[in-house]
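Coordinate analysis (summary)
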Amino acid sequence: MADTSVMVTKKGQLLMWMVIWVSMMLTACSAIPTSFSPKDPLRPDEFSHRLLRQVFSSHVKDGLVDYPAVQTDDRFPAYLAQLDRMDPNALATRHERLAFWINAYNAFAVKGILDRFSPTSLVGRYRYFIGRNYGVGGSTINLYDLERQVLITQFQEPLIHFAIVCASTSCPRLQPWSYEPDQLNIQLDRVAREFINDPTRNRFDRKKKVASLSMIFKWFEDDFTKAAGSVVSYITRYVNDPELVQDLMQSDYRIEYLEYDWSLNGIPPRETTYVGRS
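What you are looking at is a predicted structure, and each value in this text was computed from that prediction instead of being measured. (Residues numbered from 1 in each chain as written. Predicted model: local features only at pLDDT ≥ 70, side-chain atom pairs only at ≥ 80, totals over all residues. Heavy atoms only, no water.)

1. Here's the deal with helix 4 (residues 75-85)
Looking only at helix 4, the buried set comprises Phe76, Tyr79, Leu80, Gln82 and Leu83. Relative to the axis of helix 4, the buried residues are bounded by an arc of 155° and lie together on one face. The secondary structure elements touched by the buried residues of helix 4 are helix 2 (50-59), helix 3 (67-71), helix 5 (94-114) and strand 3 (133-136). (Buried < 20%, exposed > 50% of the residue type's maximum accessible area, 1.4 Å probe, protein only. Helix = DSSP H or I, 4+ residues; strand = E, 2+ residues; numbered from the N terminus. Arc of directions from axis to C-beta. Contact = heavy atoms within 4.5 Å.)

See the structure below:
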């Protein structure tokens, strides 16, 4: 009888995995907005990331987010409203559009947590990344499509993987600033170096020739290999220790991947859906 119960449980888990996988594939194939028609649109010269920068500088410290404080900060919903009023295609330069979408991702990821979504479980990750849509330019998009179909496909820039933050401990740290077009190259280089040289996210055993890397390098291996030929070659661009760089380039390192910690990157929000007042 016990064996039958275990078998039923396993079948139920397998069915759940199949439903989630099919749902993800169907959603991933759905159309994403390519043109935008916001109501009460902002001109490009009227739009800025100032409000997001103020929110993050006030409520993010050492990568940890004070979600209850963001919950009561009027500047955050005001910034989200601006995203929905701005046509990203109207932005003139690639840097302007890339900064727009990185900031949008990080803002939506925070909003998902405030709305009581969470990536801490398998089902939770489906709901958090795919099941929740956010307003941008009068259209809607989820985090999965924003990352895969916009940031990766349209910009072909692996550095975005160190800039976008899905509210989890093993993600890159959320920065206490917003990404700005005129500083974007410096900012992306900075977060890449911070992430790659962080021993809680990547470790290198020079004696055993083992690189213990973040799962991000496995999930998005194609992005890094297209840019540099291999994951290790890409990493050497941002490793701070010149001796380690030489060793990585001259030795055949075995790659292991560290378990991903999906726990929340900060103080959980209060049990409320209200967002406002600072």
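That was the structure; now back to the text.
2. Quick word on helix 8 (residues 184-196)
An α-helical turn contains 3.6 residues, so any two residues separated by three or four positions project in the same direction. Taking 1.5 Å per residue as the helical rise, helix 8 with its 13 residues ought to reach 18 Å, and the 18 Å between its terminal C-alpha atoms agrees with that figure. Where helix 8 is buried, its residues contact helix 5, strand 5 (203-205), helix 9 (216-219) and helix 11 (231-236). (Expected span 1.5 Å × (residues − 1).)

3. Quick notes on the environment of Leu64
As for its position among the elements, Leu64 is in strand 2 (residues 64-66). Sequence separation between Leu64 and Gly266 is 202 residues, and the spatial gap between their C-alpha atoms is 4.6 Å.

4. With respect to the packing of helix 4 against helix 5
Following both chains from N to C, one finds helix 4 and helix 5 inclined at 130°, their axes separated by 11 Å at the closest point. Compared by their axis directions, helix 4 and helix 5 come out oblique. Every pair of crossing elements has a handedness; the one defined by helix 4 and helix 5 is left-handed. Here Phe76, Tyr79, Leu80 and Leu83 of helix 4 lie close against helix 5, whose contacting residues are Phe100, Asn103, Ala104, Ala107, Phe108, Val110, Lys111 and Leu114. Tallied by class, residues from the contact of helix 4 with helix 5 come to 10 nonpolar, 1 polar and 1 charged. (Axes fitted to C-alpha atoms, helices over the stretch in contact; angles between N-to-C directions. Parallel < 35°, antiparallel > 145°, perpendicular 65-115°, else oblique. Left-handed = near helix turned anticlockwise from the far one by under 90°. Nonpolar A, V, L, I, M, F, W, Y, C, P; charged D, E, K, R; others polar.)

5. Some points on the packing of aromatic side chains
One pass over the full model with this rule turns up 18 aromatic pairs. Their ring planes at 50° and their centres at 5.9 Å tell us that Phe162 and Phe217 sit as a pair that is tilted. Residue Phe162 is found in the loop between helix 7 (143-155) and helix 8, and its partner Phe217 is found in helix 9; the two are separated by 55 residues along the sequence. For Phe217, a relative accessible area of 0% corresponds to the buried category. Here Phe195 and Phe217 contribute two aromatic rings whose centre-to-centre distance is 6.3 Å and whose plane-to-plane angle is 50°, an arrangement assigned as tilted. Placement of Phe195 in helix 8 and of Phe217 in helix 9 is noted, with a sequence separation of 22 residues between them. (Phe/Tyr/Trp six-rings, centres within 6.5 Å; stacked < 30°, edge-to-face > 60°.)

6. Details of the sheet that holds strand 7 (residues 254-257)
If you trace the 3 strands from one edge of the open sheet to the other, you get 5-6-7, paired in mixed fashion. Each edge of the sheet is formed by a strand with only one pairing partner; in this case those strands are strand 5 and strand 7. The average angle at which neighbouring strand axes cross in this sheet is 20°, direction not considered. (Pairing = 2+ DSSP bridges.)

7. Thoughts on the packing of helix 2 against helix 4
Contact geometry for helix 2 and helix 4: axes closest at 8 Å, N-to-C directions at 150°. Comparing the axis directions of helix 2 and helix 4 gives the class roughly antiparallel. Classified by chirality, the crossing of helix 4 by helix 2 is left-handed. Of the residues in helix 4, those touching helix 2 at Leu51, Leu52, Gln54, Val55, Ser58 and His59 are Arg75, Phe76, Ala78, Tyr79 and Gln82. Grouping the constituent residues of the contact of helix 2 with helix 4 by class yields 6 nonpolar, 4 polar and 1 charged.

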